[in-house]
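Examination of the molecular architecture
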Amino acid sequence: MKEIKDTCDGHNPDPAAIEIVRSKICSSQTMEDVAATFKILGEPVRISILHALSIQELCVCDLAELLNMSHSAISHQLRILRSARMVRFTKQGRKALYRLDDSHVETIIQTTLAHLKNEGCTPDRKNK
């Protein structure tokens, strides 16, 4: 049986393929910005907040109760998400209602869930 390698034999780059990618690839600065976004998303509580807000607008009190955290801890995480333009809020009297900043944030969350679970969050794994 022939062994299948996951590397090239020798160094024989394809100049045409490289030029196609080089003409379309993002700048180093853009890649740093993407990495910074994923670093922000690398915190499970922030993902939980974003997932909750993809379902419905919520205030800090709602999120604190939902995630069993203090108001100040939730506020801290929301500040980070606001600075990254992932969430925004509107004032309703004395209450600030948070929601996702735009549909791209929801797409990131839903696409990742679909990738991991094939269909999103499965009922038997919710709230564990």
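Please refer to the structure placed before this passage.
My aim in this report is to walk through the structure given alongside it, one point at a time. Computed from a predicted structure; not experimentally measured. (Residues numbered from 1 in each chain as written. Predicted model: local features only at pLDDT ≥ 70, side-chain atom pairs only at ≥ 80, totals over all residues. Heavy atoms only, no water.)

Bringing the overall build of the chain into the picture now. Of regular secondary structure, the chain possesses six helices and two strands. Written out in order from the N terminus, the α and β elements of the chain read α-α-α-α-α-β-β-α. Seen through its principal axes, the chain has C-alpha atoms that stretch 65 × 40 × 20 Å. Looking at the chain residue by residue over its 128 residues, the buried ones come to 22%. (Helix = DSSP H or I, 4+ residues; strand = E, 2+ residues; numbered from the N terminus. Buried < 20%, exposed > 50% of the residue type's maximum accessible area, 1.4 Å probe, protein only.)

So, about a nonpolar patch on the surface. Nonpolar side chains collect at one region of the surface, where Ile20, Val21 and Ile25 lie side by side and expose about 290 Å² of accessible area between them. Residue placement: Ile25 occurs in the loop between helix H1 (15-24) and helix H2 (28-41). (Patch = residues over 30% accessible without salt bridge, like charges linked within 9 Å, V, L, I, M, F, W, Y side chains within 5 Å. Areas by Shrake-Rupley, 256 points an atom, 1.4 Å probe, with all protein chains shown as cover. Salt bridge = Lys/Arg side-chain N within 4 Å of Asp/Glu carboxyl O.)

Moving on, we come to unusual backbone geometry. The backbone of Asn68 sits at a positive phi, close to 55°, despite the residue not being glycine. Relative to the helices and strands, Asn68 is located in the loop between helix H4 (60-67) and helix H5 (71-83). Since its relative accessible area comes to 72%, Asn68 is described here as exposed. Phi angles above zero are rare outside glycine, and Arg85 is one such case at about 60°. In this fold, Arg85 is placed in the loop between H5 and strand E1 (87-92). Its relative accessible area of 64% is what places Arg85 among the exposed residues.

The next thing to look at is the pattern of salt bridges. Per the counting criterion, the structure on display carries two salt bridges. A salt bridge links Glu57 to Arg99; its shortest N-O distance comes to 3.9 Å. Residue Glu57 is located in the loop between helix H3 (44-55) and H4, and its partner Arg99 is located in strand E2 (residues 95-100); the two are separated by 42 residues in the primary sequence. Residue class for Arg99 comes out partly exposed when judged on its relative accessible area of 23%. Here Arg88 and Asp101 are joined by a salt bridge, their closest N and O atoms 3.5 Å apart. Linking Arg88 in strand E1 with Asp101 in the loop between E2 and helix H6 (103-117), this pair joins segments that are 13 residues apart in sequence. The exposure class assigned to Arg88 is partly exposed, which follows from its relative accessible area of 37%.

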